[in-house]
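# Commentary on secondary and tertiary structure
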Amino acid sequence: MVHSDENFDLTILPVKKDHYGINTRRPIHPILPNIHEGSLCIACSAPRTGKSSLVANLFLNSNFMKDAFSEVYYFSSTLHQDTTGRKMLEAYPATSYEDFDENKLMKILDSQKRYEDDERPSIAIVLDDLPSTLKPKSLFFTLASSYRHYGIGMLLYSIQRFSMIPPLPRQNATNLFIGMNNAFQMKQIAKEFGENYGSEQNFLKYHRLAVPQRFNFMYARLDQYPPTIHKNFETKPIFEADM
C-alpha cells in the first residue's frame, strides 16, 4: 500500500525534557556552572596559584554556591594539611574525607538512588588533590559518565597535573578552570579542548589573555553553545566560538 507524503510529518522534534532537573536549594549567578542540569568541572593549576581559593569560594561563599546543595562531599588527600581543607572540614564535618575510599563513594551514590528522580536531593562531590594511585577505572573517574543520575549538581576534579585525569572525565567536562600552568601542561590541555575554540593555538592565546599572572584563571564554558572563554568570572566572554 502506497501512502501519500502528505500524511507524514518528518520534522525532527526535540526530546521532551522531564519537568525536573537537579533539585538545587537556591538560584545561583548564571555565569556559574549549571548545577541545575549537572556540571562536571575540572580545575587545573600549579601549586600556590589560587586553585584552593577557587574551591573555597565556590562552596563557602554565599555569592557562589554556599547552601545551593543539600550536601557537599569533599574528598581531599590534604584535608588536614592546608587552609582550604581545614575550612571545608569545618563547614562540612560529616561529609569530608581524607582518603579516596570507593566504598564511601558508593554509599553516597546508593543513598541518592533511593529517592525518586523528582525528589532526589542535590549534592556536590569535590575531588581535591587526587592521589596518583587512583586507577582510570576507579569509581571516582567512571562516575563522570553517570553523575547526573545521582542528583550530582557539581562533580569537581581539582588537580595540579592534567595527566591525573583520565579520558572519561575529560570527555564529559562541562566547565574548565585553568590557572597558571607550565608550557607542557598547557599543551596537553589545549590538545584535549582546543578544537572547541578554533584550534589549540587559539586556546593557548586566550589562556594567556585570561591568566596574565598568578591567581587568575581561564573559565571555559563547554556547556554553552557556542562555547565561551571568560577571564575569571567576568560575565562578558573574551572569546566566543564561531559555530
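Our subject is the structure listed above.
A brief report on the enclosed structure follows. (Residues numbered from 1 in each chain as written. Predicted model: local features only at pLDDT ≥ 70, side-chain atom pairs only at ≥ 80, totals over all residues. Heavy atoms only, no water.)

Looking now at the overall build of the chain. A count of helical and extended segments in the chain gives seven helices and nine strands. Relative to its length of 243 residues, the chain is compact, with a C-alpha radius of gyration of 19 Å against a globular reference of 18 Å. C-alpha extents for the chain along the principal axes are approximately 75 × 45 × 35 Å. Within the chain, residue pairs in contact and separated by at least 24 positions form 67% of the contacts whose partners lie at least 6 positions apart. Of the roughly 13,300 Å² of accessible surface on the chain, a fraction of 49% belongs to carbon and sulfur atoms. (Helix = DSSP H or I, 4+ residues; strand = E, 2+ residues; numbered from the N terminus. Rg over C-alpha atoms; globule rule 2.2 N^0.38 Å. Contact = heavy atoms within 4.5 Å. Areas by Shrake-Rupley, 256 points an atom, 1.4 Å probe, with all protein chains shown as cover.)

What helix 2 (residues 83–91) keeps buried is the set Thr 84, Gly 85 and Met 88. Angular distribution of buried residues about the axis of helix 2 spans 100°; they occupy a single face of the element. In this structure, the buried side of helix 2 is in contact with helix 1 (51–60), strand 2 (71–76) and strand 3 (96–97). (Buried < 20%, exposed > 50% of the residue type's maximum accessible area, 1.4 Å probe, protein only. Arc of directions from axis to C-beta.)

Within the element layout of this structure, Leu 109 appears in helix 3 (residues 102–113). On the basis of relative accessibility, which here comes to 2%, the residue Leu 109 falls in the buried class. Once the C-alpha coordinates of Leu 109 and Phe 75 are considered, the two residues, 34 residues apart in sequence, prove to be 14 Å apart. With residues up to four places along the chain from it excluded, the contact list for Leu 109 reads Leu 139, Leu 143, Tyr 150 and Ile 152.

Here helix 1 crosses helix 2 at 15°, and the two axes come no closer than 10 Å. One element, helix 1, and the other, helix 2, form an angle in the roughly parallel class. Here the hand of the crossing between helix 1 and helix 2 comes out left-handed. Counting all contacts with helix 1, which are made through Ser 52, Ser 53, Ala 56, Phe 59 and Leu 60, the residues of helix 2 involved are Thr 84, Lys 87, Met 88 and Ala 91. Partitioning the contact of helix 1 with helix 2 into residue classes produces five nonpolar, three polar and one charged. (Axes fitted to C-alpha atoms, helices over the stretch in contact; angles between N-to-C directions. Parallel < 35°, antiparallel > 145°, perpendicular 65-115°, else oblique. Left-handed = near helix turned anticlockwise from the far one by under 90°. Nonpolar A, V, L, I, M, F, W, Y, C, P; charged D, E, K, R; others polar.)

Attention now goes to the environment of Asp 110. Positionally, Asp 110 belongs in helix 3. Note: C-alpha distance between Asp 110 and Tyr 150 (40 residues apart in sequence) is 8.6 Å.

Mapped onto the elements, His 230 comes out in strand 8 (residues 228–231). A polar contact is formed between the side chain of His 230 and the side chain of Thr 228, at a distance of 3.0 Å. Within the local environment of His 230, its side chain forms a polar contact with the backbone oxygen of Glu 234, the two atoms lying 2.8 Å apart. Ignoring sequence-local partners within four residues, the contact set of His 230 consists of Ile 31, Ala 210, Phe 217, Met 218, Tyr 219, Arg 221, Thr 235, Lys 236, Pro 237 and Ile 238. (Polar contact = N/O pair within 3.5 Å; in protein donor to acceptor, adjacent residues only side chain to side chain.)

Moving on, we come to the sheet that holds strand 3. An order of 3-2-4-5-1-6-7-8-9 is seen for the nine strands of this open sheet, with the pairing classed as mixed. Here the strands that pair on one side only, and so sit at the sheet edges, are strand 3 and strand 9 (239–240). Sheet analysis places strand 8 next to strand 9, joined by two bridges and oriented antiparallel. The partner of Ile 229 across the bridge, within strand 9, is Phe 239. (Pairing = 2+ DSSP bridges.)

Let us now look at helix 1. Along helix 1, the positions that sit buried rather than exposed are Lys 51, Leu 54, Val 55, Ala 56, Leu 58 and Phe 59. Contact partners of the buried residues in helix 1: strand 1 (39–44), strand 2, helix 2, strand 4 (123–128), strand 5 (152–159) and strand 6 (175–178).

Here the focus is the pattern of salt bridges. Considering all chains together, one arrives at four salt bridges under this definition. In this structure, the salt-bridge partner of Arg 120 is Asp 117, at a minimum N-O distance of 3.0 Å. Since its relative accessible area comes to 39%, Asp 117 is described here as partly exposed. Across the pair Arg 170 and Glu 192 runs a salt bridge, and its minimum N-O distance is 3.4 Å. Here Arg 170 is found in helix 5 (residues 167–171), whereas its partner Glu 192 is found in helix 6 (residues 183–193), with 22 residues between them in sequence. On the accessibility criterion, Arg 170 (16% relative accessible area) is buried. The exposure class assigned to Glu 192 is partly exposed, which follows from its relative accessible area of 26%. (Salt bridge = Lys/Arg side-chain N within 4 Å of Asp/Glu carboxyl O.)

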